[in-house]
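Next come the chains, spelled out residue by residue.
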Amino acid sequence: MNSIQATNIVKRHGYRMGFDVVRITSAEPFLEAKKNALNRLDSGLMNGLSWYDKARVIRGSHPSKILKEAKSIISVAMSYKSEDSDNQNSSSSMHGKVARYSWGRDYHRVIEKRLKQFISGLSSELGSEINSKIYVDTGPMQDRAVAQRAGTGWYGKNTNIITLTHGSWVFLGQVITDLILQPDEPLKKNCGTCNLCIDKCPTGAIVAPYILDNTKCISYLTIELRESIPREMRSQIGDWVFGCDICQEVCPPNIKSLSTNEPAFLPGKHGYKTLDLIPLLSLTDEEFRDKFQGTPIMRAKRRGLIRNICVALGNIGDPDAIPSLSLIMKNPDSMIVEHAAWALGRIGGDIARQALCAALIGEDRKTVISEIEMAIELIDESADPIKL
Ligand code: B12
């Protein structure tokens, strides 16, 4: 069988397995992506992700370091865009938004499993064992660089890969193989003069076209960051409690993009589109696991999610949140208490102030005291008629 026939079989089989885009690139090193990623690291724009280091970038830019006999890479994209069905079941305003990629089941597991089935089916069709390495954000490979070179999509200015059919609402995966296949060309498309993602990012995280400052991205702040969210960023996070989609929601190619056919990514059954915030504040570790097992939300961990919920409640500003936030002020975890204090300060009013003052009694953690004092100050400032 020649490489053209093998390529046709690979693509046909890939589409049959439910992937929305299936393209091929060579296993040559990704030198441009390596340079860009190393620059990003050097400039501190990937700070906060300790696992994203130089060694990882170098390894992920050289497929032959991962699979010695690598010849081709099969790049796949799978849509996670569902129709905007609403799974809110309460009329309260105290809901937080969850990024679309986590409305369903954890994509790493779903796509990795599908790619394994794809490879085993392909081996049978081609009549020979395939040497392969599979990645779906599961290792050092630069998933977007592979997708760009294979023509699976083009780099948007928000750094996301945008496909022709399904926009950027796609997960990316790839199989590095020893198969000799016909490589596709990169797409001849770009974002032109559109800067909507840059203009609409509330934290200014897209510091220049194609360059994201990880430390400012709401997705990083609400998912990856394990510590306190910097004070100056909190008010810009709005009601996002896990990830953020603003730079994709405003992106024109996403508006008419096709929806997913994959039931695992539909909301309601496995995951959540929005979260009813108040009940989550009192979740135990076990309850957290029961509710979010198998969804990407597990990554934030319970304490990260509670921290994010406090921030969202502060931004929503509904005084009905005060009793639950006051209870959280007794939490032994100072990070959580700091964010609850901040939220009470933002909501303001006498009852919030009383809760903050009560929490000061017997409190000896410096960071907590300082956060409570700032929150009280904020309430006093907004109540001071001279400063109004
Ligand atoms: C680290 C990481 C993050 C970090 C940092 C994001 C970032 N932009 O780097 C955080 C936690 C913030 C994050 C957020 C999100 N992530 Co993420 N993340 C990753 C991860 C693990 C590595 C990405 C990476 O290497 N970044 C380093 C920088 C240097 O690479 P880059 O952003 O791709 O930048 C390239 C371009 O800037 C380009 N470039 C530079 N200059 C120029 C100039 C021109 C003219 C051009 C054309 C290109 C160009 O070169 C760079 C290197 O290739 C990948 C999985 C993986 N293993 O690859 C998923 C991945 C990128 N994430 C993904 C998703 C879904 C998200 C979110 C949408 C989730 C959400 N809704 O909250 C957001 C999107 C935020 C955003 N605008 O990027 C998907 C993206 C799918 C897609 N369509 O692109 C990936 C590919 C996972 C997957 N396998 O599906 N993520």
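The rules we used
Residues numbered from 1 in each chain as written. Predicted model: local features only at pLDDT ≥ 70, side-chain atom pairs only at ≥ 80, totals over all residues. Helix = DSSP H or I, 4+ residues; strand = E, 2+ residues; numbered from the N terminus. Rg over C-alpha atoms; globule rule 2.2 N^0.38 Å. Buried ≥ 20, exposed ≤ 12 C-beta atoms within 10 Å, placed from the backbone. Contact = placed C-beta atoms within 7 Å. Pairing = 2+ DSSP bridges. Axes fitted to C-alpha atoms, helices over the stretch in contact; angles between N-to-C directions. Near = placed C-beta within 6 Å. Nonpolar A, V, L, I, M, F, W, Y, C, P; charged D, E, K, R; others polar. Expected span 1.5 Å × (residues − 1). Core = buried A, V, L, I, M, F, W, Y, C linked by C-beta atoms within 7 Å. Domains from an automatic or database assignment. Parallel < 35°, antiparallel > 145°, perpendicular 65-115°, else oblique. Arc of directions from axis to C-beta. Left-handed = near helix turned anticlockwise from the far one by under 90°.

Concerning the overall build of the chain
Consideration 1: Scanning the chain from N- to C-terminus turns up 18 helices and 11 strands.
Consideration 2: Whereas a compact globule of 388 residues would reach a radius of gyration of roughly 21 Å, the chain reaches 23 Å, a difference of no more than 12%.
Consideration 3: Based on the C-alpha atoms only, the size of the chain along its principal axes is roughly 80 × 40 × 35 Å.
Consideration 4: Here the chain holds 388 residues, and the buried ones make up 44% of them.
Consideration 5: For the chain, restricting intrachain contacts to residue pairs at least 6 apart in sequence, the fraction spanning at least 24 positions comes to 79%.

Quick look at the sheet that holds strand 10 (residues 240-242)
Consideration 1: Spatial ordering of the open sheet is given by 10-3-11, a layout of 3 strands whose pairing is mixed. Of all strands in the sheet, those with a lone pairing partner are strand 10 and strand 11 (274-276), marking the two edges. Across the sheet, the mean angle separating the axes of adjacent strands is 45° when strand polarity is ignored.
Consideration 2: Of the strand pairs in this sheet, strand 3 (residues 95-98) and strand 11 are connected by 3 bridges, and their pairing is antiparallel. Bridging across to strand 11, H95 finds its partner in D276.
Consideration 3: Helix 14 (residues 301-316) rests against strand 3 and strand 10 of the sheet, and its axis sits at about 175° to strand 10.

Quick notes on the site of the ligand
Consideration 1: Around the ligand lies a shell of 37 residues, among which A33, A99, D143, S219 and G243 are the nearest.
Consideration 2: Class assignment of the residues belonging to the shell around the ligand gives a composition of 22 nonpolar, 9 polar and 6 charged.

Some words on helix 16 (residues 334-347)
Consideration 1: The terminal C-alpha atoms of helix 16 lie 20 Å apart, and with 14 residues this matches the ideal 20 Å at 1.5 Å per residue to within 8%.
Consideration 2: Positive backbone phi, approximately 75°, marks G348, located one or two places after helix 16.

What about the nonpolar core?
Considering soluble globular proteins, one finds that nonpolar side chains tend to be buried as a cluster.
Consideration 1: Counting residues in each nonpolar core, the largest one holds 102 residues, and the members touching the most others are C310 and L344.
Consideration 2: Residues from two domains meet in this core; each of domain 1 (3-82 + 103-177) and domain 2 (281-388) gives at least three.
Consideration 3: Excluding residues that lie within four positions of it along the chain, L344 makes contacts with I322, L325, A352, A355, L356 and A375.

Describing the domain arrangement of the chain
Consideration 1: Under the domain assignment used here, the chain contains domain 1 (3-82 + 103-177) and domain 2 (281-388).
Consideration 2: On a C-alpha basis, the centres of domain 1 and domain 2 stand 40 Å from each other.

Comments concerning the sheet that holds strand 1 (residues 21-26)
Sheet strands line up and pair through hydrogen bonds in the backbone, either parallel or antiparallel.
Consideration 1: Taken together, the 4 strands give an open sheet; going across it, the order is 1-2-7-4, and neighbouring strands pair in antiparallel fashion. Because the sheet does not close on itself, it has two edges, and the strands there are strand 1 and strand 4 (132-135). Strand-to-strand twist of the sheet, defined as the mean angle between neighbouring strand axes without regard to direction, takes the value 20°.
Consideration 2: The pairing of strand 1 with strand 2 (residues 72-79) spans 6 bridges and is classified as antiparallel. By the bridge assignment for strand 2, T25 is matched with I73.
Consideration 3: Lying over the sheet, helix 5 (residues 107-126) contacts strand 2, strand 4 and strand 7 (170-177), oriented at roughly 40° with respect to strand 7.
Consideration 4: Packed onto the sheet, helix 6 (residues 143-150) meets strand 1, strand 2, strand 4 and strand 7 and runs at close to 100° relative to strand 2.

As for the pairing of strand 3
Consideration 1: Strand direction decides the pairing type here: strand 3 and strand 10, joined by 2 bridges, are parallel. Looking at strand 10, one finds that K97 is bridged to W240.

Some remarks on the packing of helix 16 against helix 18 (residues 366-383)
Consideration 1: Remark: helix 16 packs on helix 18, axes separated minimally by 8 Å, with the N-to-C direction vectors making an angle of 5°. Looking at the two axes, helix 16 sits roughly parallel to helix 18. In contact with S334, V337, E338, A341, W342, L344 and G345 of helix 16, helix 18 contributes T367, V368, E371, I372, M374, A375, L378 and I379.
Consideration 2: In the contact of helix 16 with helix 18, the residues fall into 10 nonpolar, 3 polar and 2 charged.

Some thoughts on the environment of N131
Consideration 1: Here N131 shows up in the loop between helix 5 and strand 4.
Consideration 2: In this structure N131 comes out as partly exposed when scored by C-beta crowding, with 15 C-beta atoms within 10 Å.
Consideration 3: Sequence separation between N131 and V250 is 119 residues; the distance between their C-alpha atoms is 41 Å.
Consideration 4: For N131, the contacting residues outside a window of four places in its chain are L67, E69, T177 and D178.

Things to note about helix 18
Consideration 1: Compared with an ideal rise of 1.5 Å per residue, which puts 18 residues at 26 Å, helix 18 spans 26 Å between its outermost C-alpha atoms and is within 8% of the ideal.
Consideration 2: Among the residues of helix 18, those classed as buried are V368, E371, I372 and A375. Buried residues along helix 18 cover an arc of 100° about the axis, so they all sit on one side. Exposed and oriented more than 90 degrees from the buried face of helix 18 are K366, S370 and E377.
Consideration 3: Looking at the buried positions of helix 18, the neighbouring elements they touch are helix 16 and helix 17 (350-360).

Some thoughts on the packing of helix 16 against helix 17
Packed helix pairs are specified by the crossing angle of their axes together with the interaxial distance, meaning the distance between the axes.
Consideration 1: Remark: helix 16 packs on helix 17, axes separated minimally by 8 Å, with the N-to-C direction vectors making an angle of 150°. For the element pair helix 16 / helix 17, the angle class is roughly antiparallel. Judged by the sense of rotation from one axis to the other, the crossing of helix 16 with helix 17 is left-handed. Here helix 16 contributes A341, L344 and I347 to the contact with helix 17, which in turn contributes A352, A355 and L356.

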